[in-house]
Amino acid sequence: MLRIAPWLALVMSFVCSAFASVSVYADDALAETSAAWQEQHLSSDEIAWLAQHPVLKLGIDSKFAPYEWIDSEGVYTGIAADYFHLLEQRLGVSFEPVTDKTSWSAVLNAARDGEYDLISCLVKTDEREVYLEFSQSYLASTAVIVSQQGPYVGTLDKLKGKTVAIHKGHFTDELLRRDYPGINIINTADIGSALHLVSEGQADAFVGDATAASYVMKKESILNLSFSGHTDYKSDYRIGVYRENTLLTGIIQKALDDISESERNQILDHWSGLEFPQSIALAKIVKISVVITLILLFFIYWNFRLRRSEEAYRRSEQRFKNLVESSDGMVWEVDYHTNNIIYMSENAVRILGYPIDSWLQPGFWPDHIHPDDRNRVVNYATKEAAAMRDYLSEYRFLTVNGDAVWIRDMVRVVTEKGKPRWLRGLMLDITDQKKAELLMQESESRFRELIESLPAIAVQGYDEERRVIYWNDASETLYGYTREDVQGRRLEDLIIPGQMREGLIEFHRAWLDEGVPIPAAELELQRKDGSMVPVFSSHVMLTAADGSQNMYCIDVNLIEQKQARAELTQMAHYDPLTLLPNRRTFTDRLQQMMQSSKREGEQVAVMMIDLDRFKEVNDTLGHDYGDLLLKEAANRLTACIRESDTVARLGGDEFLVILGHISDIAVIERVARTILKQLSDPYELNDHIAFVSASIGITLYPVDAMSLEMLMKNADQAMYAAKAEGRNRFHYFTPEMEAAAQRRRRMLNELREAIKLQQFEVYYQPIIDLSTGKIVKAEALLRWNHPKGQVPPLDFIPLAEETGLIVDIGNWVFAEVVRQVSVWKGYFDTDLQVGINTSPAQYLDENFCEPDWFGNIMGNGLASGLNPANLCIEITESLLMEAGSSITDKLLQFRDHGIEVALDDFGTGYSSLSYLKQFDIDYLKIDQSFVSNLSPASQDLVLCEAIIVMAHKLGIRVIAEGVETEEQRQLLTAIECDYCQGYLFGRPMPAKEFSDQWLIPSHLIDQD
C-alpha cells in the first residue's frame, strides 16, 4: 500500500490539474465568438491581417516552469500558455510554439533573425527593443537571491567576487554584468541547472525569477536552498512582437486588455496552488509507519526490523558510494596512528589509475607524490594533524601512467578522546585550473617583463589610497625614486606638483566612486630632485584578486619629443644657415606690423636686399665660403636695425628687412645707407677676402600697397631697378615700376599664346662672300607678328629666355629653318648655309641635342636631301663662359652631326683664345659696334684687322656684321675679311621675298 501511494498521488495531481484547467476555461466557452470579438475590438486592417495569418509562430522557453514549458507529452504548458489559450479564443488564430531551440539564448537569437512572429514571455531590455516591439506587462515577479541555507546574503553587492549562476538569456544576466562587474557569472541552459549548481556548491548563489525558482525547487526537491536576499530587479513579463509585424503589437495588446481580472486570478490560483510529491516527505511517512508498526509489533517483528534497518543502511551506503563514484572528488580515510589509508573511493581508479588495493598499501600516498612536492606536503600534513587543525594543501601526484596531475586535498582531523584518531579528506583533480593559473602567471610574467623592458615607458601602480604597489625600472629612471623609496608612499607625495594635488585626489575619488576615468594628458610632473619633467600620462583601473581597484599610470617621457618639436619649430620658422627668420616667419611678422601700423597710423618699410656679385664668390671660392659670407652678411644686417625690426633670409643671397613705426622717411634712408656701407666692407673668409655689395628695393605700407603680396612684389621690382642702375644702391618703389611689371606680365601671357596661334615667322638676312660678291650664307632671325604689329626681338627674346619659353620657341625655329632650307635645296639646288641663333637657356634643357631631338627636328629634312652642312648654329660668348661638361657635350653633338658653329657678337664679351681652341669654332662674327664707325684711320679698323688675323691663324673664318656702306665693305675686303652681313646687302626679309631676291631656280641655272 505504501508503494502505491506516490503513484496514486501523482495521478490525482494530474486529474486535479485537468479539472482545474476545465474550470478556468469553462466560462469562456460561452463567451462571444472570435469573429464577434474582432468586429467589436479591432480595425478592418487588423482583422484583415489576422485573416492572412491564421497560424502564428510563437517563440517560447521550453524549460521556464511554471511560466511555460513543454511537458513530457509535448504539450505547451504553464501560466503563459494559459494566457495564449485565452488569446487564441479572442483572436481566432492558432499560436504554434516553436520547440527546436535547446536554450533561451538560442530562442533570442532566432527572434533577432525574425524566425518568430512573437515571443511569449520575456522582459523588455534595450538590446531586445532593437528587434522586438513589446506589449504592456501581463505577468510580474521579482528577481531574488537563492543560496544554500546559512548566512543571509541580503543584497547583490554582498556577492562581489562570488560566483553566481544565472539562466542564460535571462534579463538579470545583462543587468548584473552592467551593474555589478565584480560578480563572476556562470550561465546555464535552464533555471534547474543553475539551482543545482548552487545546491552542489559549484556556485555561491542563484539570481533569477522568484516564482520560477520556487517552482523548480519544489518540483525537483532541492531542499538545501533558500531565498537569502532581494534585488531591485523586477520581472515585468511581456509579449514581444517581431518589429516587422507592425499591426500585431496593437492586436495583442487589445486582446490582453480584454482579459478580465477574474480570468487572470483563476490562472494564477491554479499554478500557485499546485503541490508536488516530495521524496523526503514520503520517506518520513514510511519511517513513521515503520516506527508505529515496530512499536505495535516490537516483539513479533524485531528480527524483521533489524533486517530492514541493515538493508536501509546498505542502500544508504550504496547511494553515497554511487554519488562519490559519479563525481571527480576522491574520498579517503587514514588511520592517524598507522598513517595508512584504510578507505579510498572507487573513482580513484578512474581518475588516477591505481587499483584500490594499491592505496591501502603502507606508504603508497607519500611515495607517489611528485618528488619536488613530497617533503613540503608530508611535513605540512604531519604538523597540521598533530595540532588537530583541519587543512588544505595542493600538490602534484603521479598517475599510473607517470603523468603529474594537480590535487587539492581538503583534510579534516577527527579526534577521539581529545587526540587525533582519523584523517578524512576529499581529493579533487585541479589540473585544468592549475594550468589556467600557470598560463595566467606566465602571461602576467611576460607582460611584466615587457613593461620592464621598455625604457621609455614608466609604469606605476597605486591602490585605492593611491599608495605605490608597483614601480618599474623606467619609473626609477624618469623620476629618480627607487622602488624602496616609493613603496607604500602616496602618489601625491611623490611626483605630483603642489598645485595639482587636490585636483588629482578629486579625480581619483570620482573614478572610484562614479566610474569617471582620469583622461590622458600631457603633464609636467616632479622628479625627486624637484625638477620638472614633461610626460604624456594615461591611466587604467584594474580589479585586484581581492576585489579592490588599483590604478596604473603609464607615463611616456616627452623630453626628446619636446626637443624635437622645438627643433622642428626652429626649422619651420628660421633659416638653418643664418638662423634668421625665414619667409614664413617674416610673413607673420609683417602682417602683425601692418595691423599695428593700421591702428597707430604709422608707416612700415619693407626692404628687399640682394647681394651683388655673390655668385662670383660661390663660383670662385666654393659654396662653403659662400655660406660663411651669408652668415656674416646676416650678422651685419642684424646690427644695422633696431630690436623691434626684423631681418629675414628669403633664400639664396636675398634678405628682407621690416622697419616698423616709421614717422620720418629719413630713418629709412639712414638705415639703407648703413646697410650698403656694412655689406660692402671686405669679408674675411678664413684665408680669403671677398668683396660684395648690395642692391636694395624699398616699399612702404600703406602708401605703396595695402596687401602683403603687393608689398613683396613692389620691393622686388624696386630691388631690380637698383641693380639696373648699377648696383650698390637703394631704390624706392614707384608706380611706373608696377606699370612696367604689368606690361611684362601681359607680354608674357601673349607670348605663350603666340606659340599656340603660330604668330612667329622666320626672316632671313643674306651673308655675302667678299671675294666673289655672291650670297653663300644667311642668318635666320625670329619675328613676332603680333595682331597690333611686329614686336621687336629685343622686347620679347630676353623675356622668353628668362621664363624658359625660349626652349619651345627655339625648337620651332630650328624645325622651321630645316623645313625651309630643304624646300630651297629641292627647288633652287643651292648649298646656301643658314645660321640659327641659339640661347644659353636652350642648352640647359635636358632634351636639347639628344638623339631623339635631332630625329624629331631634322628627320624630315634629311629624308628630303638636306645636308647638315647647310646649317650653322650661332652661340654667344656668355655660353662659353658658363660651359660645363653638359654644354660641351651638346656642342660636340652638333659637330658630330656635321653642323658648324659660329661665335656671335665677338669682342663684346669675355672670350679668351682658349675658348676658341677648346670648342673648335668655325666662324667668328665681329659685332656691329666695331663695324659701324669703321674708317681708314680708326682704331676699330685696327681691332677688326687683329681679330681677322687671329682667326685666320686659328683656321677660323670671319663674318662682319652691320655693314651699311660701300666704304666699310672695301675696308673689310682690304683686311681680308671673309664674309659681310648688313643693310648694304639686304635687310632681314620673309622666306618668299628672300628666295625671290637671292635664289635662282635650278632650271634657270641649267639654262645658263
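Calculation rules
Residues numbered from 1 in each chain as written. Predicted model: local features only at pLDDT ≥ 70, side-chain atom pairs only at ≥ 80, totals over all residues. Heavy atoms only, no water. Helix = DSSP H or I, 4+ residues; strand = E, 2+ residues; numbered from the N terminus. Contact = heavy atoms within 4.5 Å. Core = buried A, V, L, I, M, F, W, Y, C linked by side-chain atoms within 4.5 Å. Buried < 20%, exposed > 50% of the residue type's maximum accessible area, 1.4 Å probe, protein only. Pairing = 2+ DSSP bridges. Axes fitted to C-alpha atoms, helices over the stretch in contact; angles between N-to-C directions. Phe/Tyr/Trp six-rings, centres within 6.5 Å; stacked < 30°, edge-to-face > 60°. Lys NZ or Arg CZ within 6 Å of the ring centre and 35° of its normal. Salt bridge = Lys/Arg side-chain N within 4 Å of Asp/Glu carboxyl O.

Per an unreviewed UniProt entry, the chain carries the name Bifunctional diguanylate cyclase/phosphodiesterase and comes from Amphritea opalescens.

(A) How the structure looks around the side chain of Gln-981. By secondary structure assignment, the location of Gln-981 is in strand 38 (residues 979–981). Not counting residues up to four positions away in its chain, the partners in contact with Gln-981 are Gln-765, Pro-766, Ile-767, Glu-779, Lys-925, Ile-959, Ala-960, Glu-961, Gly-962 and Val-963.

(B) Spatial organisation of the nonpolar core. Among the nonpolar cores identified, the biggest contains 78 residues, and Phe-814, Val-817, Phe-894 and Leu-972 are the most heavily contacted of them. Looking at this core element by element, the count peaks at 11 residues for helix 29 (residues 805–828). With 71 residues, the next largest nonpolar core counts Ala-80, Leu-118, Leu-156 and Leu-197 among its residues.

(C) Expanded view of the sheet that holds strand 18 (residues 457–462). Sheet architecture is open: five strands sit in the order 19-18-22-21-20, paired in antiparallel fashion. Whereas interior strands pair on both sides, the edge strands pair on one side only; in this sheet they are strand 19 (468–471) and strand 20 (521–526). Across the sheet, the mean angle separating the axes of adjacent strands is 35° when strand polarity is ignored. With six bridges connecting them, strand 20 and strand 21 (residues 532–543) associate as antiparallel partners. Bridging across to strand 21, Leu-523 finds its partner in Val-535. Strands in contact with helix 20 (residues 501–514) are strand 21 and strand 22 (549–557); relative to strand 21, the strand with the most contacts, it is inclined by about 15°.

(D) Main features of the packing of aromatic side chains. Under the defined criterion, the tally for this structure stands at 32 aromatic pairs. Between the aromatic rings of Tyr-67 and Tyr-237, the centroid separation amounts to 4.8 Å while the plane-to-plane angle is 50°, which identifies the pairing as tilted. A residue pair is termed long-range when its members are at least 10 positions apart, and Tyr-67 in the loop between strand 2 (63–64) and strand 3 (68–70) and Tyr-237 in strand 12 (residues 225–242) qualify at 170 residues. Exposure class is identical for Tyr-67 and Tyr-237. Each is buried. Its end group placed over the ring of Tyr-683, Arg-636 keeps NZ or CZ at 3.7 Å from the ring centre. When the ring centre of Tyr-979 is taken as reference, the NZ or CZ atom of Lys-777 above it lies at 5.3 Å.

(E) Structural view of the pattern of salt bridges. A complete count under the given rule lists 43 salt bridges for this structure. Residue Arg-969 is joined to Glu-966 by a salt bridge in which the shortest nitrogen-to-oxygen separation is 2.1 Å. Of this pair, Arg-969 and Glu-966 both sit in helix 37 (residues 966–974), three residues apart, which is roughly one turn of that helix.

(F) Representation of the sheet that holds strand 2 within the structure. With respect to topology, three strands assemble into an open sheet ordered 2-3-4, the strand pairing being antiparallel. Each end of this open sheet is capped by a strand with a single partner; those strands are strand 2 and strand 4 (76–77). In this sheet, strand 3 lies alongside strand 2 in antiparallel orientation, the contact comprising two bridges. For Lys-63, the partnering residue across the bridge sits in strand 3 and is Trp-69.

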